[in-house]
Amino acid sequence: MSDKTQAIFTGDRCLSCTSCMANCPVMAAIKDYRGPKLVGPAHGRMHFSQEDIEATLEFCSNCKSCDRACPSGVAVSTLNMLQRAEYYKTHPHTQAEDMIAHGERAGKMVRMMPFGATFANIGMEFGKTLGIFSKLGLAGERDMPAYASTPFKDLYSRIKQTAGGKKIVMFTGCFINDNEPQVGEAFVKVMNANGYEVLIDKGFNCCGSPLVVTGYLDEAKQHADNNADRILEWKKKGIPVVTPCTSCSLMLKEEYHELFAEHKFHEAAENVYDAFEFLEILQERGEFNDNVKPISQKLLYHVPCHLKCQAIGLPAANILEEFGANVQTADAGCCGISGNYGFRKDKYDISMKIGAKLFERVKRKDFDKVISDCGTCRMQIHHGSGIKPCHPIEILAAAYQ
Ligand code: SF4
Ligand code: SF4
């Protein structure tokens, strides 16, 4: 029997209220985009075929603001992604699309070479300076994310964990593994402080989010199958899977079953938690270690779109405030980068226009630090404002003695 939560069936619930259109940041930024209602439920239901593909579908960034705004539970953004995959069945991907969709592959290649991270970072600097990225179809204005000298999965084996008998598995995500391993170290410190040993599973693939938004749906399905099977193995052992990356948690918890409509994805989702969601559950159970130094910082919090649509509230803000932090939400909408969207040359200006309100807010500098749970949001804020944010787990980790 079909699973009626699959996105393709939710289009029937559309009431044409246009709430999704009013909340779409791309629609607000450019006139060319016809918007989520016409592109998603309407066009998707009426046609849904490659011959009649909606030309402005390419503008959707998969930020999912439309999904949150919809009163009828239409999975608008996923309808868009399913249609995008149809388009690419008969249209070749560009070289730039291949690159931005396959960050995991690039990371593995870099790590196979001695001093691979150093050479790759120098190469990316030259690529930017000489305009090569721009010629390839990437946003030449941006710095590509620099590779850390040691990926988190290698650093992990050197961490002396101090936890008791409880265990979780960390889904690292590509960005934390390859580019920001310090976030992974902070995650381990916090989980250890709360009595959990952190395991990693080197058999996990990239969650597949960059593949889905770039139309590589078959590859994304292979990643989903592998990841869900592994999550279910951990579930059998009673060990939850926790991730400090909001786009990964959204993918594992919600997008797999919306896209692929298999019951196993629902079952796997029950064993996946975003990092602060998990910590808040520990608090509710009275199991949270509150032996934390007071956090006397004013924090500006950019809440990622992919956290908002998980409907779990703002657990990071709640926890940090409890220990003295003054957390203000930036309340400036989508940052505009939306995963790899803002790395496309032809989407760069849209991405920066969407993020402009947030950049202005950050530039007021009336805080000690900017925090955000999403790696690409952090990159976009840094690029647009010059101020480098950190992950909220780094603030909490520093507060544990
Ligand atoms: S996912 Fe974002 S960009 Fe795409 S239609 Fe929805 S609100 Fe607009
Ligand atoms: S918000 Fe939902 S119900 Fe309203 S037009 Fe958009 S998809 Fe249809």
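The next thing to look at is the pattern of salt bridges. As a working rule, side chains carrying opposite charge can pair if their charged atoms are close by. If you walk through the whole model with that rule in mind, you get 25 salt bridges. Of the charged contacts in the structure, one is a salt bridge between Glu86 and Lys89, with a shortest N-O distance of 2.9 Å. In this pair, Glu86 and Lys89 are both assigned in helix H6 (residues 76-90), 3 residues apart and thus about one turn of the helix distant. Looking at Glu86, the relative accessible area reads 22%, which means it is partly exposed. Using a relative accessible area of 59% as the deciding quantity, one classes Lys89 as exposed. The salt bridge involving Lys264 is made with Glu262; its shortest N-O contact spans 4.0 Å. Each of the salt bridges in this network shares a partner with another, and the network as a whole consists of Lys221, Asp225, Asp229, Glu262 and Lys264.

Moving on, we get to the sheet that holds strand E5 (residues 298-301). Overall, parallel pairing links the 3 strands, which are arranged E6-E5-E7 in an open sheet. Because the sheet does not close on itself, it has two edges, and the strands there are strand E6 (326-329) and strand E7 (369-371). Pairs of neighbouring strands in the sheet enclose a mean axial angle of 30°, with direction left out of account. Strand direction decides the pairing type here: E5 and E7, joined by 3 bridges, are parallel. Looking at E7, one finds that Leu300 is bridged to Val370.

What follows covers the layout of surface pockets. Considered as a void within the structure, the largest pocket measures approximately 1100 Å³ in volume. In this structure, the largest pocket is lined by 45 residues; those nearest its centre are Met99, Ile100, His102, Gly103 and Pro145. Elements represented by at least two residues in the lining of the largest pocket include exactly helix H7 (95-101), helix H8 (103-112), helix H9 (116-129), helix H10 (132-136), helix H12 (174-178), helix H14 (209-213), helix H16 (246-260) and helix H22 (375-385). No other element matches the 6 residues that H8 contributes to the lining of the largest pocket. Of the residues assigned to the lining of the largest pocket, the class counts are 26 nonpolar, 16 polar and 3 charged.

The next thing to look at is the sheet that holds strand E2 (residues 196-200). Sheet architecture is open: 4 strands sit in the order E2-E1-E3-E4, paired in parallel fashion. Pairing within the sheet leaves two strands with one partner each, and these edge strands are E2 and strand E4 (272-274). Along the sheet, successive strands turn relative to each other by an average axial angle of 40°, direction set aside. Judged from the 2 bridges that link them, strand E1 (residues 166-170) and strand E3 (residues 241-243) form a sheet pairing that is parallel. Following the sheet pairing, Met170 is matched in E3 by Val242. Docked against the sheet, helix H18 (residues 275-284) engages E1, E2, E3 and E4, running at close to 95° with respect to E4.

What counts, and at which threshold
- Residues numbered from 1 in each chain as written.
- Chains lettered and ligands numbered in written order.
- Predicted model: local features only at pLDDT ≥ 70, side-chain atom pairs only at ≥ 80, totals over all residues.
- Heavy atoms only, no water.
- Salt bridge = Lys/Arg side-chain N within 4 Å of Asp/Glu carboxyl O.
- Helix = DSSP H or I, 4+ residues; strand = E, 2+ residues; numbered from the N terminus.
- Buried < 20%, exposed > 50% of the residue type's maximum accessible area, 1.4 Å probe, protein only.
- Pairing = 2+ DSSP bridges.
- Axes fitted to C-alpha atoms, helices over the stretch in contact; angles between N-to-C directions.
- 1 Å grid on protein atoms, 1.4 Å probe; cavity = no way out; pocket = protein on both sides within 12 Å on 5 of 7 lines; lining within 4 Å.
- Points joined across faces, edges and corners; volume = space filled by probe spheres on them.
- Nonpolar A, V, L, I, M, F, W, Y, C, P; charged D, E, K, R; others polar.
- Contact = heavy atoms within 4.5 Å.

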